[in-house]
Amino acid sequence: MDNRDEVSAFLRSRRDKITPEQAGLPVYGHRRVSGLRRGEVAMLAGVSVEYYTRLERGNLRGVSDSVLDALAKALRLDDTERMHLYDLARAAGPARPSRTRQRENQPMVRPSVARIIEGMPQLPAFVKNERLDTLAANPLGRALFAPMYADPSYGANSARFAFLSPEARHFYADWERVTHEAVGVLRIAAGKNPYDRELSDLIGELSTRSDTFRTLWGSHDVHVFREGTKRFRHPVVGDLALDHESMLLPDENGLNVVVYSAPPGSPAEDALKLLASWSATAGQKQKTESQTS
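Keep in mind that this is a model prediction, so the values were computed, not measured.

**Thoughts on the overall build of the chain**
Regarding its fold elements, the chain presents 16 helices and five strands. Projected onto its principal axes, the C-alpha positions of the chain cover 75 × 45 × 35 Å. Sorting the 293 residues of the chain into buried and exposed places 48% on the buried side. A separation of at least 24 residues holds for 56% of the contacts in the chain among residues at least 6 apart in sequence. Just so you have it, the chain exposes about 15300 Å², and 52% of that area is on carbon and sulfur atoms. Of the side-chain charges in the chain, 40 are positive and 38 negative, and the distance between the mean point of each set is 4 Å.

Dropping the structure here:
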């Protein structure tokens, strides 16, 4: 699989976002574009126009780290965008069979990791992959995302739920930000591994079924989940704002442990306790019904 189109679109999108004034360049006469010209990027990066043109046509194979650094500086990339550029350059090289096989197999959640999230009964906790599939969740995590788990067609994938569920716009109080970040995460994943068939299928499905996704995907913005606050309108406990931390597991599978929490004494902490009580009651009721059926 070739990532030339991805490379070309990303570089052009970053070039279009920088004005000559931002780059410290003089402006003479009328310009047909608001962003930088190819020649201006080449000058700022210290390479020839011909060489930069080759890069923007999507050919990053064999490009040195020093050129990538110069390009990142010229395009004023932030840390996440710089990482994405390096991922694109690595993906442009020959595919290693071991890497391809690794991505074709579904990463497994280690039993020890599953025990860790189950051992946090007062905090919603999940294990997610780079495609935003939820591979494991503790009871409170499943209760928090009850609207997603209520419909198996979403496949416990938070991007599919955010873009395709009619309930998602209400469930996420900051739906626009959530969807923008989700697209950025999928863009990072696609840049790192263009060989992931399941990821390609997910992107194709969302592009076909969601105009919003298709528009955001065309922006070529990137995002990495680290920490932050997310606001929910939960159907059982109402509004709550939860802090979240995302911790990358130390292996090559790209799995993250995501944990939500609330400040002590906050309304969100009370809501989580109520949600835990509701979850326990619902779980016991379901167990009783299954035993009597």
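**Details of the packing of helix α5 (residues 65-74) against helix α6 (residues 79-91)**
Between α5 and α6, the least distance of the axes is 10 Å, while the angle of their chain directions is 140°. With respect to each other, α5 and α6 are oriented oblique. Every pair of crossing elements has a handedness; the one defined by α5 and α6 is right-handed. Note on element contacts: α6 touches α5 through R82, L85, Y86 and A89, opposite D65, L68, D69, L71, A72 and K73. Looking at the contact of α5 with α6 residue by residue, the classes come out as six nonpolar, no polar and four charged.

**So, the environment of T19**
Along the chain, T19 turns up in the loop between α1 (4-16) and α2 (20-23). Judged by relative accessible area, which is 26%, T19 ranks as partly exposed. The spacing of T19 and S34 is 15 residues in sequence and 6.1 Å in space, taken between C-alpha atoms. For T19, the residues in contact, after removing those within four places along its chain, are S34 and L36.

**Focus: the pairing of strand β3 (residues 227-234)**
As paired strands, β3 and strand β4 (residues 238-248) are joined by eight bridges and run antiparallel to one another. Residue pairing across strands places K230 opposite L242, the latter belonging to β4.

Rules used throughout
Residues numbered from 1 in each chain as written. Predicted model: local features only at pLDDT ≥ 70, side-chain atom pairs only at ≥ 80, totals over all residues. Heavy atoms only, no water. Helix = DSSP H or I, 4+ residues; strand = E, 2+ residues; numbered from the N terminus. Buried < 20%, exposed > 50% of the residue type's maximum accessible area, 1.4 Å probe, protein only. Contact = heavy atoms within 4.5 Å. Areas by Shrake-Rupley, 256 points an atom, 1.4 Å probe, with all protein chains shown as cover. Lys, Arg positive; Asp, Glu negative; His and termini not counted. Charge placed at Lys NZ, Arg CZ, Asp CG, Glu CD. Axes fitted to C-alpha atoms, helices over the stretch in contact; angles between N-to-C directions. Parallel < 35°, antiparallel > 145°, perpendicular 65-115°, else oblique. Left-handed = near helix turned anticlockwise from the far one by under 90°. Nonpolar A, V, L, I, M, F, W, Y, C, P; charged D, E, K, R; others polar. Pairing = 2+ DSSP bridges.

Geometry only, nothing functional implied.
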